[in-house]
Each structure stands twice: as C-alpha cells, then as structure tokens.
Amino acid sequence: MKRKRYEMEKKKTELQTAIEELSLVTITKPVDNTETTHIPLRPLLSFCNLIIQVLDRIGPTMAVLRQDIDQNIQRLEKLYETDHCGYSNLVEILNKERNEGTHKMVTSCSRALLWLTRLLSKEMSSKMEELVEECYMATLKPHHGWIASAAFKVCLKIVPDNKTFMDAIGARDQSYETLREEIDTLSSLLTPILKEISIVLEQYGLNRLKSM
C-alpha cells in the first residue's frame with residue numbers, strides 16, 4: 001500500500017504539486033486594529049522551490065532567474081529556521097524588520113519577499129519570449145535601474161521556446177489541453193495570494209522599491 005502511494009506521488013509534476021501546496025493556503029484577515037493579516041510563509045516558500053525545480057529542468061538558459069529566486073528563498077528560509085512559530089506568518093517578518101528599521105535594506109527578508117512576489121505575478125501566454133517581456137515590463141521594469149534593465153535584455157535572448165517550457169512543467173505524454181487546465185488552476189490559486197501579499201507590502205511602503 002505504501003509502495004503504491006509512493007509511486008503515485010512520484011508521478012506528480014512540479015505543477016501538480018504546486019497546485020496541492022497552494023490549495024492548502026488560508027489567509028486570515030484582521031477583524032480589528034489589534035490583529036494583523038496572517039499569510040503563511042511555508043507554503044509560499046515550497047511553491048518557490050518548485051519553481052526552482054522547473055527552471056533546473058529547462059536548463060542553463062534560466063540560470064540568472066534561478067539564482068535571483070533562489071537567493072531570495074534562502075534569505076527567507078534562514079530567518080524562518082530561527083523561529084518556525086514566530087515567522088510562520090510572513091507579516092510578522094515585515095513587522096520585525098520595520099521595527100528594526102531594516103525592512104528596506106537590500107539584504108532584508110522584506111525585500112526578498114517583495115521580489116519573489118513581483119517575479120510570480122504573471123501567468124503564461126502563447127509565446128514564451130513575449131510572455132517574459134510582458135511580465136518584465138509590467139512587474140519589474142518600473143523598479144529596475146539601468147544595470148538590471150540591461151541584464152534583462154541579455155536574458156531575453158536565451159528564453160526557451162514554448163515546447164521546451166511545456167516539456168519541463170508537464171508530465172510525459174500529457175496533452176496540451178490538460179496542461180493548460182492545470183496552469184489555469186494554479187493561476188486561480190496563486191493570483192489572490194499574490195494580491196494579498198502586494199496589499200501588505202504596500203502598507204509597509206515596500207511596493208515602490210527599485211533594484212540596484
């Protein structure tokens with residue numbers, strides 16, 4: 001029985017696992033001024049680590065993006081490991097760093113959360129290169145300096161084509177229609193979570209921060 005269950009879990013793609021992770025996320029909003037919004041950190045980090053696995057399957061063309069996401073994940077995970085209970089709510093991390101006056105620093109966890117949110121804030125479209133450029137212009141470009149913008153132009157030239165990307169996120173022999181349905185499901189789960197995180201980031205004055 002255990003072996004059968006293991007084999008079933010083993011067959012799941014990163015996309016299917018991500019859907020399961022996000023379906024368990026419950027955001028609790030405050031009912032008065034004495035409470036704070038509760039957004040669980042662990043499922044978000046698990047989802048971001050799944051993104052890393054997908055980028056690894058695509059190959060070295062996504063190395064720059066992978067490194068950026070991974071560094072931000074590690075920063076948040078390092079703090080989380082110091083106090084699982086205290087930092088299970090990502091809003092408590094923002095509170096801590098704001099009280100310390102460090103929330104806008106380049107190496108802060110608040111800033112790491114900001115960039116992870118921006119990187120995850122768009123869904124798929126028909127052409128990978130167009131999608132990546134559209135995502136960048138809508139989410140990261142307004143916050144980038146000229147160095148980061150120049151680096152993006154280089155990365156855009158090595159974006160994988162649709163087939164490479166679809167092969168990376170789908171199961172073997174999975175139809176495009178089924179994969180599209182899973183992507184839509186993931187988007188429907190992820191979008192409201194990112195919206196709530198963005199609202200909180202704006203409350204902490206982090207939404208307009210730019211890259212170096």
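Within any chain, residue numbers begin from 1 and follow the written order of that chain's sequence. Residues qualify for local features only when their pLDDT is at least 70, as the model is predicted, and side-chain atom pairs are given and counted only at 80 or more; totals for whole chains, interfaces and linings, by contrast, use all residues. Side-chain numbers come from the whole structure's heavy atoms, not from hydrogens or water.

1. Here we look at the nonpolar core
Buried Ala, Val, Leu, Ile, Met, Phe, Trp, Tyr and Cys residues that are joined via side-chain atoms within 4.5 Å together make up what is termed a nonpolar core. Exposure classes here rest on a 1.4 Å probe applied to the protein chains alone. A residue is buried below 20% of its type maximum, exposed above 50%, and partly exposed in between. Leu76, Leu90, Leu113 and Ile197 are the most contacted members of the largest nonpolar core, which has 45 residues in total. Secondary structure counts use DSSP, requiring at least four H or I residues in a row for a helix and at least two E residues in a row for a strand, with both numbered from the N terminus. Within the residue set of this core, elements represented by two or more residues are α2 (14-23), α3 (41-58), α4 (63-82), α5 (90-100), α6 (109-119) and α10 (176-203). For this core, the element with the most residues is α3, which contributes ten residues. Note on contacts: a residue pair qualifies if any of its non-hydrogen atoms lie within 4.5 Å across the two residues. The contact partners of leucine 76, leaving out residues within four places of it in the chain, are Leu41, Leu45, Ile93, Cys109, Ala112, Leu113 and Leu116.

2. Considerations on the packing of α2 against α10
Angles run from 0 to 180 degrees between N-to-C directions of axes, and those axes are lines fitted to C-alpha atoms, restricted for helices to the stretch in contact. Relative orientation of the contacting elements α2 and α10 amounts to 30 degrees, with a least axis distance of 10 Å. The handedness of the crossing between α2 and α10 comes out as left-handed. Here Leu15, Gln16, Ala18, Ile19, Leu22 and Ser23 of α2 lie close against α10, whose contacting residues are Leu179, Glu182, Ile183, Thr185, Leu186, Leu189, Leu190 and Ile193. When its residues are assigned to classes, the contact of α2 with α10 shows ten nonpolar, three polar and one charged. A clockwise turn of the near helix away from the far one marks a right-handed crossing, whereas an anticlockwise turn of less than a right angle marks a left-handed crossing. Nonpolar residues are Ala, Val, Leu, Ile, Met, Phe, Trp, Tyr, Cys and Pro. Charged residues are Asp, Glu, Lys and Arg, and all others, Gly as well, are polar.

3. So, α2
Among all positions in α2, only Glu14, Leu15, Ala18, Ile19 and Leu22 are buried. Down the axis of α2, the buried side of the element spans an arc of 140 degrees, and every buried residue falls inside it. What the arc measures is the spread of directions leading from the helix axis to the C-beta atoms.

4. A look at the side chain of glutamate 182
Mapped onto the fold, glutamate 182 is located in helix α10. Pairs of N or O atoms are called polar contacts if they sit within 3.5 Å, as long as, within protein, a hydrogen donor faces a hydrogen acceptor (for residues adjacent in sequence, only side-chain-to-side-chain pairs). Here the side chain of glutamate 182 touches glutamine 16 through a polar contact of 3.0 Å, side chain to side chain. With sequence-adjacent residues up to four places away left out, glutamate 182 is seen in contact with Thr13, Leu15, Gln16, Ile19 and Gln174.

5. Overview of the side chain of glutamate 97
With respect to the secondary-structure elements, glutamate 97 resides in helix α5. The side chain of glutamate 97 is buried and forms no salt bridge, while lysine 96, the nearest opposite charge, is found at 5.3 Å. Leave out the neighbours within four places in its chain, and glutamate 97 touches Thr102, His103, Ser108, Cys109 and Ser110. When charges are counted, Lys and Arg are positive and Asp and Glu negative, with His and the chain ends excluded. When a carboxyl oxygen of Asp or Glu is within 4 Å of a side-chain nitrogen of Lys or Arg, the pair counts as a salt bridge.

6. With respect to the environment of tyrosine 80
Assignment of secondary structure puts tyrosine 80 in helix α4. Expressed as a C-alpha distance, the spacing of tyrosine 80 and isoleucine 93, which sit 13 residues apart in the sequence, is 8.8 Å. Setting aside its immediate chain neighbours within four residues, tyrosine 80 contacts Leu41, Arg42, Tyr87 and Ser88.

7. With respect to α10
What a helix should span is 1.5 Å times the count of its residues minus one. The end-to-end C-alpha distance of α10 is 40 Å, a good match for the 40 Å that 28 residues give at a rise of 1.5 Å each. Trailing α10 by a residue or two, glycine 205 shows a phi angle of about 70 degrees, which is positive.

8. So, the pattern of salt bridges
Applying the stated rule across the entire model yields four salt bridges. Glutamate 196 is the partner of lysine 29 in a salt bridge, and the nearest nitrogen-oxygen pair spans 3.0 Å. Placement of lysine 29 in the loop between α2 and α3 and of glutamate 196 in helix α10 is noted, with a sequence separation of 167 residues between them. Glutamate 196 sits in the buried class, given a relative accessible area of 14%. Among the ionic pairs, glutamate 77 bridges to arginine 42, the shortest N-O distance being 3.2 Å. Within this pair, whereas glutamate 77 is found in helix α4, its partner arginine 42 is found in helix α3, the two being separated by 35 residues in sequence. Assessed through its relative accessible area of 28%, arginine 42 is described here as partly exposed.

Everything listed here is a matter of coordinates, which is why it stays silent on function.
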